[in-house]
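For reference, the chains in residue letters:
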Amino acid sequence: MTVQRLSAGSVKVQLSADELNVLLPESARTPESPQMLRLISFMLEKAEAASGIPFSSLPVTVELLTAADGSLAAYFTAQMPAVPQKKHEPKIVRLAARFSADEPLRQCCILLYDEADALRNSMLYRYQQQFVLYLKVKREKSACIRHILAEHGSAYRMSVLNRARLSEYGRCLIEKDAVQKLIALRGVTL
């Protein structure tokens, strides 16, 4: 008897014609005979011992093939439990725009509020006599948000260097939910 591991969950057990004749008489070679079921159980036990695959604790698919020379090949495949897939959070895109005055910034925020389900966070900075609105948005809605920002402000590229400049030289005016807070601050000068 030879046992060959084929993959992480499958094994091939090969019995020569002589071994098959010793273990299973010709008259008992029907698929559901008790002797055939004992032979399959015996081969499965050997497959588990040789491969380390826990066949006895998992559902197993068995395929039996006979060759012209009288040998028997049994393929055992363990049905591995499905690994639950984690729901992945949508990919986040970082966008930003500069505004020279607070009124275009507020107008932009009013339009952005309609897309609130796409916003993960919004921050407002004061940097070089301008306002910089920094947004984290869902990737699938980023095109719409980008158009709103471009309509009311000018693009501010959120590279690693520009983010570092903002945090080092800019002043953070609103650290979280800036869009909602700017709408609530109507009439207040920034």
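Computed from a predicted model, the values in this text were never measured in an experiment.

1. Some thoughts on a nonpolar patch on the surface
For step 1, the next point in the chain: There is a patch of nonpolar side chains on the surface, built from M1, V3, V22, L23 and F42 and spanning about 400 Å² of accessible area.
For step 2, the next point in the chain: As for its placement among the helices and strands, M1 is situated in the segment before β1 (2-5).
For step 3, the next point in the chain: For M1, a relative accessible area of 32% gives the class partly exposed.

2. Section: the side chain of S142
For step 1, the next point in the chain: Mapped onto the fold, S142 is located in helix α4 (residues 142-152).
For step 2, the next point in the chain: Here the side chain of S142 touches R139 through a polar contact of 2.8 Å, landing on its backbone oxygen.
For step 3, the next point in the chain: Setting aside its immediate chain neighbours within four residues, S142 contacts V93, L95 and V137.

3. Section: the pairing of strand β6 (residues 119-127)
For step 1, the next point in the chain: Burial analysis of β6 places seven of its nine residues in the buried class, the great majority of the element.
For step 2, the next point in the chain: Where β6 meets strand β7 (residues 130-138), eight bridges bridge the pair, whose relative direction is antiparallel. Across the sheet, the residue bridging to M123 is Y134, located in β7.
For step 3, the next point in the chain: Counting the residues that bridge the hairpin from β6 to β7 gives two residues, and of these Q128 lies at a positive phi of roughly 50°.
For step 4, the next point in the chain: In the sheet, β6 pairs with strand β9 (residues 171-174) via three bridges, with the strands oriented antiparallel. Bridge assignment links L124 to a residue of β9, and that residue is I174.

4. A word on the packing of helix α3 (residues 102-113) against α4
Axes are the key here: two packed helices are described by the angle between their axes and the distance separating the axes.
For step 1, the next point in the chain: Where α3 contacts α4, the two axes come as close as 9 Å, and the packing angle between them is 160°. The angle between α3 and α4 falls in the class roughly antiparallel. Between α3 and α4 lies a crossing whose hand is right-handed. Taken together, the residues of α4 that come into contact with α3 (itself represented by P104, Q107, C108, L111 and L112) are I145, I148, L149 and H152.
For step 2, the next point in the chain: Among the residues forming the contact of α3 with α4, the class breakdown is seven nonpolar, two polar and no charged.

5. Observations regarding the confidence of the model for the protein chain
One rule of thumb: low pLDDT means the predicted coordinates there are not for detailed reading.
For step 1, the next point in the chain: Taken as a whole, the protein chain shows an average pLDDT of 88; of its residues, 94% reach a score of 70 or greater.
For step 2, the next point in the chain: At the low end of the mean pLDDT range in the protein chain sits helix α5 (residues 160-169), at 88; at the high end sits strand β2 (residues 10-15), at 94.

6. Topic: the packing of aromatic side chains
For step 1, the next point in the chain: Applying the stated criterion across every chain yields a total of two aromatic pairs.
For step 2, the next point in the chain: With a centroid separation of 6.2 Å and an interplanar angle of 55°, the aromatic rings of F55 and F76 are classed as tilted. Within this pair, whereas F55 is found in the loop between α2 (34-51) and β3 (60-66), its partner F76 is found in strand β4 (residues 72-78), the two being separated by 21 residues in sequence.
For step 3, the next point in the chain: A relative accessible area of 1% means that F55 is categorised as buried.

7. Examining the sheet that holds β1
For step 1, the next point in the chain: With antiparallel pairing, the four strands of this open sheet are ordered in space as β1-β2-β4-β3. Looking at the sheet topology across the chains shown, the edges are occupied by β1 and β3. The sheet shows a mean angle of 15° between the axes of neighbouring strands, direction not considered.
For step 2, the next point in the chain: Where β3 lies against β4, seven bridges are found, and the strand directions are antiparallel. Bridge pairing in β4 places T61 opposite T77.
For step 3, the next point in the chain: Across the sheet, α2 touches β1, β2, β3 and β4, and the angle it forms with β4 is around 60°.

Criteria and thresholds
Residues numbered from 1 in each chain as written. Predicted model: local features only at pLDDT ≥ 70, side-chain atom pairs only at ≥ 80, totals over all residues. Heavy atoms only, no water. Patch = residues over 30% accessible without salt bridge, like charges linked within 9 Å, V, L, I, M, F, W, Y side chains within 5 Å. Areas by Shrake-Rupley, 256 points an atom, 1.4 Å probe, with all protein chains shown as cover. Salt bridge = Lys/Arg side-chain N within 4 Å of Asp/Glu carboxyl O. Helix = DSSP H or I, 4+ residues; strand = E, 2+ residues; numbered from the N terminus. Buried < 20%, exposed > 50% of the residue type's maximum accessible area, 1.4 Å probe, protein only. Polar contact = N/O pair within 3.5 Å; in protein donor to acceptor, adjacent residues only side chain to side chain. Contact = heavy atoms within 4.5 Å. Pairing = 2+ DSSP bridges. Axes fitted to C-alpha atoms, helices over the stretch in contact; angles between N-to-C directions. Parallel < 35°, antiparallel > 145°, perpendicular 65-115°, else oblique. Left-handed = near helix turned anticlockwise from the far one by under 90°. Nonpolar A, V, L, I, M, F, W, Y, C, P; charged D, E, K, R; others polar. pLDDT = per-residue confidence, 0-100. Phe/Tyr/Trp six-rings, centres within 6.5 Å; stacked < 30°, edge-to-face > 60°.

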